[in-house]
Amino acid sequence: MTGREALTGRAEEVAPLLLGAVLSHTDDSGTVAVRLTEVEAYAGVGEDPGSHAHRGRTPRTEVMFGPAGHLYAYFTYGMHVCVNVVTGPEGIASAVLLRGGEIVLGESLARERRGSAVPLRDLARGPARLASALGIPLTDTGADLFEPPYALELPATSQPFETSARTGVAGPGGLLEYPWRFYLPGEPTVSPYRAHAPKRTPRAPS
DNA sequence: CGCACGATTTGCT
DNA sequence: GCAAATCGTGCGA
């Protein structure tokens, strides 16, 4: 079975396969590889309000509907890039957000991108940090992760993992929680669990 | 055409 | 612990 075939399925089913996987990216500066320790699954139309593809196909989310094994990078908060691996069969939106990992190759280059004072464990801990450490540009959305300049190696055997709640969404019976955050227990590169996004304070007028 | 907001990180109090 | 930084996307008018 090829890596791409293994990734073709519902995001929450495929996500555990990405734990322990090694993603590498090469550009003019060199190569950085990360062993993934924390991921989050996002589904598609209707069932997952937390997903970008929740409302259907748009120019931005188009990649999420494509074949598995491709990159979905998006820009958020005006300053950050987050990376996903598209996992669903063609036509069904689903993706796995890479939330954290451990640098296994190219530490010096990653440190150059992230800042020299950053502790090793923090180099790729957090979605935007991971994207930054790997040097993934926003414009690489849609790139095939199984072709240069990318490489994705799935673990031979599934790693023992744990899950936790991802987001709370309003459902028929109240608040629903999706246990769609997956991580390798005991890894220092797993970000501490935060309940969910605190309520945003309104912008203070002058 | 205009506006509100987000799958976050960082730094200051 | 809290708030700012910053801009593309998507929805409403």
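Around DNA strand C there are 8 residues in total, and Arg55, Thr58, Tyr77, Gly78 and Met79 lie nearest to it. Atoms of DNA strand C within 4 Å of the protein belong to the sugar or the phosphate in 75% of instances, the rest to bases. Separating a sugar or linking oxygen of DNA strand C from a side-chain N or O atom of Arg60 is a distance of 3.3 Å. Measuring from a base oxygen of DNA strand C, one finds a backbone N or O atom of Tyr77 at 2.4 Å.

A few words now on the packing of aromatic side chains. Counting across every chain of the model gives 3 aromatic pairs. Taken together, a centroid distance of 5.9 Å and an interplanar angle of 55° make the contact between Phe161 and Phe182 tilted. Of this pair, Phe161 sits in the loop between strand S6 (150-153) and strand S7 (162-164) while Phe182 sits in strand S10 (residues 181-183); the two residues are 21 residues apart in sequence, bridging distant segments of the chain. Summarising the aromatic geometry, the rings of Tyr178 and Trp180 are spaced 4.7 Å apart at their centres and angled 55° between planes, so their arrangement reads as tilted. Overall, Tyr178 belongs to the buried group, its relative accessible area being 14%. Seen from the ring of Tyr178, Arg166 lies directly overhead, with NZ or CZ sitting 5.3 Å from the centre.

This paragraph deals with the pattern of salt bridges. The full count for this structure, using the stated rule, is 13 salt bridges. Arg113 is the partner of Asp27 in a salt bridge, and the nearest nitrogen-oxygen pair spans 2.9 Å. Pair noted here: Asp27 is in strand S1 (residues 22-27) and Arg113 is in helix H3 (residues 107-114), with a separation of 86 residues, a long-range link. Judged by relative accessible area, which is 30%, Asp27 ranks as partly exposed. The partner of Glu107 in a salt bridge is Arg111, with the nearest N and O atoms 2.7 Å apart. Of this pair, Glu107 and Arg111 both sit in helix H3, 4 residues apart, which is roughly one turn of the helix. The network of salt bridges with common partners includes Glu38, Glu40, Arg99 and Arg181.

About the cut-offs
- Residues numbered from 1 in each chain as written.
- Chains lettered and ligands numbered in written order.
- Predicted model: local features only at pLDDT ≥ 70, side-chain atom pairs only at ≥ 80, totals over all residues.
- Heavy atoms only, no water.
- Near = heavy atom within 4 Å.
- Polar contact = N/O pair within 3.5 Å; in protein donor to acceptor, adjacent residues only side chain to side chain.
- Phe/Tyr/Trp six-rings, centres within 6.5 Å; stacked < 30°, edge-to-face > 60°.
- Helix = DSSP H or I, 4+ residues; strand = E, 2+ residues; numbered from the N terminus.
- Buried < 20%, exposed > 50% of the residue type's maximum accessible area, 1.4 Å probe, protein only.
- Lys NZ or Arg CZ within 6 Å of the ring centre and 35° of its normal.
- Salt bridge = Lys/Arg side-chain N within 4 Å of Asp/Glu carboxyl O.

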